[in-house]
Structures are given as C-alpha cells and as structure tokens.
Amino acid sequence: MARKLKRRVRQYSDEDEENHNSNDDSSTSPSERSYKIPKLQHDQERLESETVTNEEVPNIPLPSPALKPVVSLRAEKVKFWTENTGSRIQGLIHKNPVSIIYERYPAAEWSDAKVLEKGTNLKFTVTLRVNDEYYYGTSTNKKEAKRLAAASCISKKLNLVSDFGSVSQDQGPSTANVPCDTGATLPPAEVAVTPKKPKKKGHNPQDPISLSAGQSPVMILNEIYGSEKCNYELINTPSPGKGQLVFTAKLRFLDSEYEGVSTNKKKAKQVCAMKALAAQGYTVIMEDGGYPLNPNIPVAPSSETPAIKPALQSFADKVASLAQNKFAELSEHVEEHQKKKKVLAAAVLYNNVDDNTFRADGDMEVIALTTGTKVLGGEYLCADGKAVNDSHAEIQIRRCIIRFLYGQLQAFRDKRCSVLEMKEGKFKLKDEFTLHLYINTAPCGDARIFSPKQEGDQAQVVDGDNHPNRINRGQLRTKIESGEGTIPILSPNEALLTWDGILAGQRLRTMSCSDKLCRSNVLGVQGTLLSHFMSPIYYSSIIVGRLFSHSHLSRAIYGRLQVEGVESQLPPGYKVNVPLLLPVSVAEPRSVSKASGFCFNWTYGDTVPEATRTVDGKVNDNNASPSKICKNSLFKLFLAEYKKLKKTDEFDGKMYCEAKEAAKDYTAAKMLVMDQFKKLGYGCWVKKPVEQNMFTVNT
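Below you will find a few notes about this structure.

What counts as what
- Residues numbered from 1 in each chain as written.
- Predicted model: local features only at pLDDT ≥ 70, side-chain atom pairs only at ≥ 80, totals over all residues.
- Heavy atoms only, no water.
- Disulfide = S-S within 2.5 Å.
- Buried < 20%, exposed > 50% of the residue type's maximum accessible area, 1.4 Å probe, protein only.
- Pairing = 2+ DSSP bridges.
- Helix = DSSP H or I, 4+ residues; strand = E, 2+ residues; numbered from the N terminus.
- Axes fitted to C-alpha atoms, helices over the stretch in contact; angles between N-to-C directions.
- Contact = heavy atoms within 4.5 Å.
- Expected span 1.5 Å × (residues − 1).
- Arc of directions from axis to C-beta.
- Polar contact = N/O pair within 3.5 Å; in protein donor to acceptor, adjacent residues only side chain to side chain.

Moving on to the state of the cysteines. Summed over the entire model, instances satisfying the criterion amount to 0 disulfides. Here Cys382 is not cross-linked by a disulfide; its sulfur's nearest cysteine counterpart is in Cys630, at 8.2 Å. The exposure class assigned to Cys382 is buried, which follows from its relative accessible area of 12%.

So this is what it looks like as structure tokens:
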C-alpha cells in the first residue's frame, strides 16, 4: 500500500512539473511543486489576497431585494475564472456551504454546537474560524446552524450566495457575541448577505401545493404564515413497551387547535400542519419522494369523494391512536411469536354526551381488539362449534362485540351501569353511544382488490374507469384455505360446500371481509342469536389505516345493496346502514413479512388477550381449548341469558342451527341480502356445510 501511494505521488509530481514547466520558476522548491491538493491551497491563498470583480465572475446572482425568495441555480450555470490558474470551476455554489469550507479552507476550525435557548424554542449556535475571522450561525438544529455559519463565510470571502437549503427569518445568523470553548468573547459575526425568504402570504389557496422530495407541510405552513404563528406541543409520549409506539402532537394556529397522531414525533407534527393547511382551503399534492402522508385524504370535494372536515380527521386519528396504544399495551401479555400482526381491528365506543358530532376530545373507549389474517384449514373443520372458522381481525372483532353485549345485558339485569336500554320490547344501544370500527388496512375482497397502490379517486373521475378488471367490481369473493388474498366466485357450483367433500380434499372457502362487512351493515353486528332480544346495532364509522379509497370502500361496504326497493323490503328495524368512511392521516407502512399462524382477541373486561392458532381455530395451549368467541362459547352465553330474560328454557337441548332459525326477522333480512347479491349479478354466497351448525351444548 505504501509503495502504491509513493508511485502515485511521484506520478502526480511528474505530471505537474511537465504541464507547468513553462510557468514555473527555476527556484521553485520541491514542496511548492507538490501534487494537486497543496497546489489548490496555494491558489486559495492567492485568491483571498485579491479582489474578484463582476467581469471575472459572469452571471453570478448577487444578493438583491428584487430577487425571488428561491432562485433555482440548476437552470443557471454559475461560472467564474480564478485569476491565478485560469481553470474553470462550475457549480461551486450548488454545493453545501460546509463542503465549500472544507475544500477551500482546510485549516478552518469549528466549535461544538452550543445551546442558546431550551424548551420548545430550542436553538443551537455553531462558530466557524477562518484566518482569525469568526462566523457563526444559529438555528433550531445543529446541522442547519453549521450550514448558516459556512454560508456567512463564503458570502463575505468569495462574494457568493449558496442556495443549498433555505434560511428563514428566525434561523439566520445571529449578531450576538457567543463565548467560545476557552471562555473568551468572539467578535460579532458577519451578517449573511443571503436575502431573507419572504412569507408567501399572497399564495392562492385555490392553487394546489405540490410537495416534492425534502418538503413537508410543516415547512409550507411556516413559509405561508410564519413560524411564529405555529406553536407545536407534544401532548402524549407513550411509555416504551414491546408494541408499536404512538405519539400525539397538537398545533395551535390562528386561534385553532389541530391534533396529529403517528408512530413518531416528526410525522405527528406533519399531520397537524396537514390539517391546518386543509382547514385554510389548501389542496396538498404529494410528488414522488415527497411527503409520506396518506395521499388519499380528500381535502377538497370531488364528484365522487366528499371532503373530510378537520374535526372528523382528528377524530379518526384519535380512534387509530387508541387502537394502536391498546395493541401496544396488550402485546406485553402475549409471547413474542404471537404478537406479530399484519391486520389489526378495534371497536371503539364513543359517548356523545353533548351533541351528535364526533370530536377527538370526546369520551371514547376501546371495547374490543383483534389481530389475524388466516382461516381454518379444511382438515380441522369442527362439528361441535369449538373452532373459529375465520380468524381475520375484521371478523373476530364482531364476535368480540357480541361478547361485550352479553356482558352489558348482564349488567342491565343486575341494575349496574350499562350502555344498553330497553325500548319497544327489545334492547338497543343508548342514543348517546355510537360504535366505531378501526382497521389498519382495507378489508380483503372488493374494498381492497382495486386499490393496490392507494390510487386516488380523482383519477377515475377525470380519465374514466379504465381498470382492466372493472367488470368484476362488486363481485363476491372468498378467502382461500392455507393462504392469503381472495378469489371470485365464478359459478353457483362453487358456492356448494359439503362435509365429506372438504374432508376428501375440496378447498374450504370463506367469504371475504368486504362481503361480510356489507352483510353486517344490513343485519347489524349483534348477530343472529342476540337478535332474539336486541335491535340491530350498526357501525357509525369505519376508519381505515391504509389502502383507503372512498369509492371502492363505499361500494364494498354498502353501495352494492343501496339500490331502490331493498330497504323497503327489510323487516322493521333493519336498514342499509351508511357509516362514515374515514382514512387516517398517516398510513401504516406495508408489511412484507409472512402472516403469523397465531392471532389474539381481547374484549373489554378481559385481563389478558386470548391467543389462538389460525390453522385449527383453537386456543394456543396444550389442551386445544375452545376460544371464548367460538360458536360453542357464544351459544352457551345465549342460552344463559335467554333463560334469565325470557324466563323459559325453550332452547334447552336444541341445536345451534334451530336457535338461529327461530330469529325470524333476522333470517328474513339475511335471505333478502343473499337474494339481492345474486339478483344484481354479484354472485352466490358460499355457505359452510350444514353439519357444522348441528350441535348442542350442555348448560
């Protein structure tokens, strides 16, 4: 290595002597004929001792009040000639000023960053010493302070202005004396000659704001209104745990408050700024590599996508925050290999104590939480109802809600506090309570299949529906055994499943989450058995973490049944529910890991979550115990409550399927939904073999 370096130094010295032989004096010492880096240092010292005129530096954008706040030097080639060598240097001021200092002044000295102000107005100052002259910069972070000090130096010594980065009014170099490491007081630094960036107060809110790489709504908001009007505060710092952390930030801006929720502090502040811009009427567009927010949040109305008000967006973010924090809390009680999740669902109960609006500061509580993405294997099909067929989080969450409602029925009988009340002979949710569903991704099936890249709805409005698979929009789809994703039902024969056929190898198919949510939007989340003494209960809103598309989600959840004549045929109390569909401000990143073979469920009142195996639908223990949310367990709860409420043992000894068929109104509404899907050309509903529901339980 040493020999190679010596040969390279000798080569540079020979080339230097040969190329500049005519210009070198015979008395030049060997040290002065050194290779390139020392020679540039000699040129630098000579350049500093002379004055560079405008004629020698053509087309340099000198500081002027008439200049625009941001000058694109990519379009303007900045060229100048050094007087001593005549060599051409291009793009010097395109570079970071710190890089220029290191290249032009190798002997420059930097001091450690010092803290000027603490708390929310944290500021740092960095001092630069070049040839016994001092320059320093002050900013809210150390990197920017160092850049400002370097920019001040090159603006004075080289008469150059760098546009690398931006300098706002409250981040420019300070003129106050700053003590150095030795305790001495330095002379005041030169004020940077870079023109201050004016606030874009004249920006038209009707013009979309395009966020390119390196920009964020926080930067745009500061440029338009000034950073002095934006007061950020971190109002929630979660304690470190084994789950995912969620941070909440608050922005006080123009006599209003905006709340942002994300998995880190920086994004939480960006969410606040995004909402503030939307409240002022700005439409924000993300370019490639730009702001990492959910790009499908409709901040301006279109023909198909309604605008989302900031208050509702804050509410959706708060629900998502509660769900993520509850998951982080519950994850501490399960084993490491069981807490891995791709899909998370949570049910949140909101108390409308004041009015019927949903607010982020309202009283709300997570009443159920589930994870999971797989279905039962065909060889584990169970005839006694002790296995959970569908372990997808969106489906398990409904079964957890049913458990919660049974608990509230018992509380009502015991004259304790309950969210239920009796009206017209049946129980119902009290008027001041509403139920909300959060899913961290779009439900599988029709709601997700057409939005693989979170494409906006406006593209469909402008260019028309050109999707190659558009003919299958709304079609019923099924989950596949031992896999992920869904497939369409191509013929009525595929909807026929037999017990012996599955045991012989026929693929077990389960309806997609989109289709099951659509059915629940008509029949209610309380299920068949509870409908014996309870009116339908519906979701008031469905909040989706990623892959949100309002047009696809609305079609999948309620649009397919929102046709003339359907609602009028439903039994009293049933309807085609139209919940609010809301995205979250920060979309969760896509998980590329393999789906876990475990899932867990938790219902309000449980001390720890219950972990189950997705392949056989049983509790993950040595005895393969039945889950708390399996058919068998819920049937036992129904029989116990029915005896106490109806004062009869009518269903003792009867099969599970007989108890379901006895719910006449629910069964009639269910048959109408199935017939409408088939009549409208969406396909046939796949039912499990009838033998699966022909079981009894011992009470």
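Read on, since the account is not over.
Adjacent strands of a sheet form backbone hydrogen bonds with each other and so pair up, either parallel or antiparallel. If you trace the 3 strands from one edge of the open sheet to the other, you get 18-17-19, paired in antiparallel fashion. Pairing within the sheet leaves two strands with one partner each, and these edge strands are strand 18 (486–488) and strand 19 (509–511). In this sheet, neighbouring strand axes are inclined to one another by 45° on average, regardless of whether the strands run parallel or antiparallel. As paired strands, strand 17 (residues 477–480) and strand 18 are joined by 3 bridges and run antiparallel to one another. By the bridge assignment for strand 18, Arg477 is matched with Pro488. Relative to strand 19, helix 12 (residues 513–523) is tilted by about 45°, and along the sheet it contacts strand 17 and strand 19.

Here Arg555 shows up in helix 14 (residues 550–557). Residue classification places Arg555 among the buried positions, given a relative accessible area of 17%. Excluding residues that lie within four positions of it along the chain, Arg555 makes contacts with Asp446, Phe450, Arg473, Gly474 and Arg560.

For helix 18 (residues 664–679), spanning 16 residues, the distance from its first C-alpha to its last is 22 Å, which sits close to the expected 22 Å at 1.5 Å a residue. Residues of helix 18 that are buried make contact with helix 12, helix 13 (527–530) and helix 15 (566–569). Just beyond helix 18, the residue with positive phi is Gly681, at close to 85°.

Here we come to helix 3 (residues 97–104). Every buried residue belonging to helix 3 is among Pro97, Val98, Ile100, Ile101 and Arg104, and all of these are buried. One side of helix 3 carries all its buried residues, which in axial view fall inside an arc of 160°. Two or three places before Val98, at the start of helix 3, stands the capping residue Asn96, its side-chain oxygen 3.0 Å from that residue's backbone nitrogen.

Okay, the environment of Phe635 next. Residue placement: Phe635 occurs in helix 16 (residues 631–646). Along the primary structure Phe635 and Ala659 are separated by 24 residues, whereas in three dimensions their C-alpha atoms are 8.9 Å apart. When near neighbours in sequence (up to four residues on either side) are disregarded, Phe635 contacts Leu529, Lys654, Met655, Tyr656, Ala659, Phe695 and Val697.

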